[in-house]
Structure formats: structure tokens, C-alpha cells
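# Topology and contacts: notes
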Amino acid sequence: MSDKPKFAMYWAASCGGCEIAVLNTNEKILDVDANFDVVFWPVAMDAKYKDVEAMQDGSILLTLFNGGIRTDENEHIAKLLRQKSKILVAFGSCANEGCVPGLANLSDAREIVHTAFNTVSTDNPKQVYPMTSYDVPEGEICIPKILPTLKTLDQVVDVDYYMPGCPPESHQIAAVIDLVIQVLQGKAELPPKGSVIGAGNSTVCDECQRARNVKTITSFNRIFGQEIDPDLCLLEQGIPCNGVATRSGCNARCPTAGAQCIGCYGPAEGVVDYGARLVSAFASVIDAKEPDEIDRILDGIPDPAGQFYRFNLAGSLLRAGKSAWEKA
Amino acid sequence: MTYKFEPTIIGFTCNWCSYRAADLAGTARIKYPPNVRLVRLMCSGRLDPTFVFKALASGADGVIITGCHPGECHYLEQNYKALRRFQLMRRTLVGLGLEPGRVKLIWASAAEGARFASEINIFVEEIRALGPLHWGVPDDEEPSTVHSPLSEMEVPA
Ligand code: SF4
Ligand code: SF4
Ligand code: FES
């Protein structure tokens with residue numbers, strides 16, 4: 001056993017992109033190896049839950065936890081890693097605010113299972129559904145149970161730091177790794193508990209280089225099928241760009257590349273509800289006074305819940321659509 | 001004893017018109033149901049949709065927003081902004097499964113005490129008809145074990 005500080009990384013309900021983003025830090029990953037003893041990281045090494053269970057409480061210095069809490073297994077590991085870790089970081093949009101897996105909170109759990117196992121795209125003529133437990137001669141076999149809604153990490157356990165992004169930008173991850181190493185060497189101090197790390201304190205608009213004038217929107221359009229001025233603010237051109245409510249940190253990657261910001265860095269500093277902030281912002285720049293005319297313009301945003309909560313539904317004030325929690 | 005549902009409604013009123021209308025209703029002793037808790041804003045344009053989401057998330061069964069008549073806002077055009085926010089907010093809430101009738105926007109001038117009271121009456125009855133909302137997160141303690149087929153459900157590919 002080495003006496004280096006211990007590092008863990010875990011994925012709950014996520015896509016694996018956060019892990020790739022960590023590996024995308026290139027040679028920085030060698031610094032992680034040089035400074036830490038990696039004790040648990042399912043995507044990169046073999047370790048069992050019982051190994052973690054056997055560790056002393058608080059013995060892992062740093063755990064990066066990505067993914068939302070979708071199953072009772074996710075929840076169990078979140079609690080276990082909380083107990084074993086000194087610093088628990090909600091890493092990436094899923095752990096922070098639910099992200100795309102959190103959009104499943106628009107449906108109830110049975111509907112989700114049904115969609116996965118019995119729709120046109122799934123060949124399941126005998127209507128076979130997974131059972132969460134099954135008795136065999138050797139004993140009972142269990143698979144994780146799906147929870148009624150997806151929850152964010154801090155809706156389940158206490159979180160020390162929040163690192164947003166879908167996934168977090170590799171240069172931001174590298175900076176955070178550097179910081180932690182400097183803290184280990186006594187050259188820097190950790191930010192206050194509860195801080196957002198690896199991101200800016202302002203908005204994507206603030207980092208965006210596109211020119212801005214007075215916005216008077218008379219129609220919202222999708223980004224294809226029209227000429228887009230490469231230098232002018234996208235929202236001003238009627239493209240629903242979420243930059244105004246989104247936290248900075250990515251160097252305004254999408255608007256720079258010619259696409260609207262869809263909000264992957266989550267709510268900007270001080271934004272209580274991401275969707276509510278965007279409702280406010282978009283409605284303010286519409287140039288119309290008559291209800292019918294306003295409705296015509298708003299028809300250009302055919303799915304407002306998806307537009308405003310693509311990344312943030314589970315972490316929003318309302319957390320889930322009504323059908324997810326309503327007793328059938 | 002049978003449980004009688006009494007809607008909890010949050011009302012956001014503009015200081016200059018509709019709050020005065022509510023006041024007038026009071027001084028004129030016009031009765032309206034006590035289901036509405038009024039929150040006074042300086043102008044309907046101050047209405048951040050966050051307030052409405054918070055109210056619904058915290059147990060309100062309905063939310064009513066009131067402002068000065070079009071053209072009469074004391075801050076020029078802010079009530080038009082409130083109108084646009086309201087329309088987009090309602091679309092968003094409907095996308096989250098809320099009945100559109102649970103949020104309402106009305107205009108009322110300072111002289112319209114009686115009308116204000118009657119609008120409140122109407123809204124309370126509309127919410128009563130919709131029933132309790134109790135926006136909630138499902139019981140965490142009970143993970144769903146029902147992985148059973150929902151044969152009646154059509155899910156398009
Ligand atoms: S709305 Fe989008 S395009 Fe416009 S300034 Fe903000 S980030 Fe840039
Ligand atoms: S511009 Fe928006 S969607 Fe694109 S990377 Fe940045 S925060 Fe994410
Ligand atoms: S002052 Fe009444 S709506 Fe603006």
C-alpha cells in the first residue's frame with residue numbers, strides 16, 4: 001500500500017463522457033497517478049464495492065462523482081463514497097443538476113421501463129420484463145431497482161464542491177487537478193465548501209465574442225435553414241441561445257463554433273431556477289404586445305420544457321414533470 | 001368528517017393598480033375568499049417567473065398575477081413584458097404537465113375593487129374544480145419494483 005492520498009471516481013446514471021473528459025487531460029492524468037493512489041474507478045480499474053466498504057471512513061481524499069441518482073444502487077454508492085471520502089465533488093452536469101438523464105423526470109418510472117423494453121424499436125414479443133430479484137438454487141439474484149425520479153447528488157448526500165459541464169472542459173479539469181496537488185503540497189488553499197470549481201462566475205454571453213445590439217425578436221427559428229450572421233449574437237437572430245442564463249467556463253464554445261448554447265454548464269451564479277431565468281430573458285426580447293402575436297412568436301420554441309431544462313430539470317425548483325410523481 | 005379541499009393560491013399584484021383594487025375591495029367590504037395570499041410587487045414587470053415556480057414547488061395549488069391594464073403601467077411597458085413572460089412561462093409549465101388553468105394573468109385598475117374580488121372568486125372556483133396540486137417528488141423510500149408491462153400504453157418510436 002502506498003501512502004499517497006487516495007483518489008476515486010465513480011459513474012452513476014451518466015454517459016461516460018465525464019470519464020473521457022478526464023482522460024482528455026492528456027499528460028495531466030500522469031500527475032493524478034504520480035500524486036494519488038487510485039483506489040476505486042470502475043471505468044479504469046478493477047475494484048469491488050466490498051473493497052470500498054472495507055476502507056476507513058474518510059480515507060479517500062478526493063472522489064469525483066459523476067452521474068445522477070437513478071437507481072437504488074446509485075444511491076447506495078453515493079452514500080458509501082460520501083462516508084469514505086474527505087472531499088466529494090459533484091462532477092459534471094448529471095451529478096450537479098441531472099443533465100439529459102434527468103429529462104426522464106418528465107415521465108414516470110414505469111413508462112421509462114416500458115419504453116426501453118416494449119416499444120416499436122424493441123423486439124419483445126413475449127413481453128419479457130426484467131425482475132428486480134429472482135430466486136435460484138444458490139440464492140437470490142438482484143438487479144438495481146429504478147427510483148421514481150432521477151435525483152442530483154446533493155439531493156441524496158452532502159456535497160463539498162460542484163464542478164459543472166457536460167462534460168467539464170478538460171482544461172478546467174486540469175486546473176482543478178493542479179489546484180488539489182498544490183493544496184497537498186501546502187502551496188494553495190481549498191475554496192470554501194459548497195463552491196463551484198472549474199468554471200467561471202459569470203455567463204456564457206459574457207465570454208461570447210459575438211456582437212450585441214438591441215434585441216427585438218419577431219420570430220424564433222431553429223439554426224438550420226437560414227443564413228446565420230457569423231459575427232452577430234445568435235439570440236438577436238432569433239436562435240434560442242441559452243447563453244444568458246448559463247455559467248461561464250467553456251469559453252463560449254458553442255456560439256464561437258456557430259451553434260447556440262444549450263446550457264451544459266448549468267445555471268449561472270445567482271440563478272435560482274435556470275428555466276425561469278430563460279423564460280424571463282427570452283420573453284423580454286420579444287417585440288410584440290398582442291397575446292396572439294406573442295403566441296405566434298412563441299410557437300418558434302416548440303418544446304419550452306426541453307429548451308429550458310435540457311440539463312437542469314432534476315436540479316430545478318420543480319424537479320420533475322407532473323406525470324413522474326403523480327399517483328396513477 | 002369529510003376533508004374539504006381549500007385551494008392555496010398565491011397572488012402577485014402590482015402596487016399601483018391591482019393591489020389598490022384589492023385594497024378598495026377591502027375598504028368597500030366586498031367579500032372575496034381568503035384562499036389568496038397576496039404578494040405586492042411594485043409592478044407586474046417585477047414578476048420573475050422564479051416566484052411562480054417557487055410557489056408551485058412549495059405547495060400552491062394556483063397562482064394569479066395581476067397588473068395594470070395595457071397602456072396604463074406606471075413603468076411604461078412593463079406589463080407587456082409581464083404578459084410575454086406569462087405566456088412563455090405557462091407554456092413551459094404545461095410542458096412539465098401542469099394544467100394551464102392553474103396560472104392566470106388579469107388586468108385590474110385601482111378603481112376596479114369589485115371586479116378584482118369577482119376575478120378572485122372565479123379563480124378560486126376554477127382551482128377548486130381542478131383539485132389539489134401538491135407538487136411533489138415521489139416517495140423516495142419506495143423504489144419502483146413494478147417492471148410490469150403497461151400494455152395499454154402506446155409509446156411511439
Ligand atoms: S445569446 Fe448566445 S450568441 Fe448571443 S451573446 Fe449570448 S452566448 Fe453569444
Ligand atoms: S456554449 Fe453552452 S452548451 Fe456549449 S459548451 Fe458552453 S455551456 Fe455548454
Ligand atoms: S405599474 Fe402596474 S403593471 Fe406596471
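Residues numbered from 1 in each chain as written. Chains lettered and ligands numbered in written order. Predicted model: local features only at pLDDT ≥ 70, side-chain atom pairs only at ≥ 80, totals over all residues.

Along its length, chain B carries 4 helices and 4 strands. Ordered by position from the N terminus, the helices and strands of chain B form the series β-α-β-α-β-α-β-α. Counting across all 157 residues of chain B, residues that qualify as buried make up 45%. Contacts in chain B between residues at least 24 apart in sequence constitute 81% of all its contacts with a sequence separation of at least 6. (Helix = DSSP H or I, 4+ residues; strand = E, 2+ residues; numbered from the N terminus. Buried ≥ 20, exposed ≤ 12 C-beta atoms within 10 Å, placed from the backbone. Contact = placed C-beta atoms within 7 Å.)

Between chain B and chain A, the contact holds 36 residues from the first and 49 residues from the second. Listed by contribution, the elements that provide at least two residues to the side of chain B that touches chain A are helix H2 (49-57) and helix H3 (78-95) of chain B. Looking at the side of chain B that touches chain A, the element that brings in the most residues is H3 of chain B, giving 11 residues. Looking at side-chain class alone, the side of chain B that touches chain A contains 20 nonpolar, 10 polar and 6 charged residues. (Nonpolar A, V, L, I, M, F, W, Y, C, P; charged D, E, K, R; others polar.)

This paragraph deals with the site of ligand 1. Around ligand 1, the surrounding shell holds 14 residues, and the nearest of these are Cys205, Cys208, Cys233, Cys241 and Gly243 of chain A. Split into classes, the residues belonging to the shell around ligand 1 amount to 11 nonpolar, 1 polar and 2 charged. (Near = placed C-beta within 6 Å.)

To continue, consider the pairing of strand S3 (residues 62-67) of chain B. Residue and element names in this part refer to chain B. With respect to burial, S3 is a largely interior element, 6 of its 6 residues being buried. Side chains Gly62, Ile64 and Thr66 project from S3 onto one buried face, and the interleaved Val63, Ile65 and Gly67 project onto a second face that is buried too. Across 4 bridges, strand S1 (residues 9-14) lies against S3 in parallel orientation. Paired with isoleucine 10 across the two strands is valine 63, which belongs to S3. In this structure, S3 lies alongside strand S4 (residues 103-107), joined through 5 bridges in parallel fashion. Among the inter-strand pairings, isoleucine 65 is bridged to a residue of S4, identified as leucine 105. In terms of handedness, the path from S3 via H3 over to S4 forms a crossover that is right-handed. (Pairing = 2+ DSSP bridges. Right-handed = clockwise from strand over helix to strand, strands pointing away.)

Quick look at the sheet that holds S3 of chain B now. Residue and element names in this part refer to chain B. Pairing is parallel in the open sheet, where 4 strands are placed in the order S2-S1-S3-S4. If you trace the sheet from one side to the other, it starts and ends with strand S2 (36-41) and S4, each paired once. For this sheet, the mean inter-axis angle between neighbouring strands, taken without regard to orientation, is 20 degrees. The strands touched by helix H1 (residues 18-27) within the sheet are S1, S2 and S3, with S1 carrying the most contacts at an inclination of about 110 degrees. (Axes fitted to C-alpha atoms, helices over the stretch in contact; angles between N-to-C directions.)

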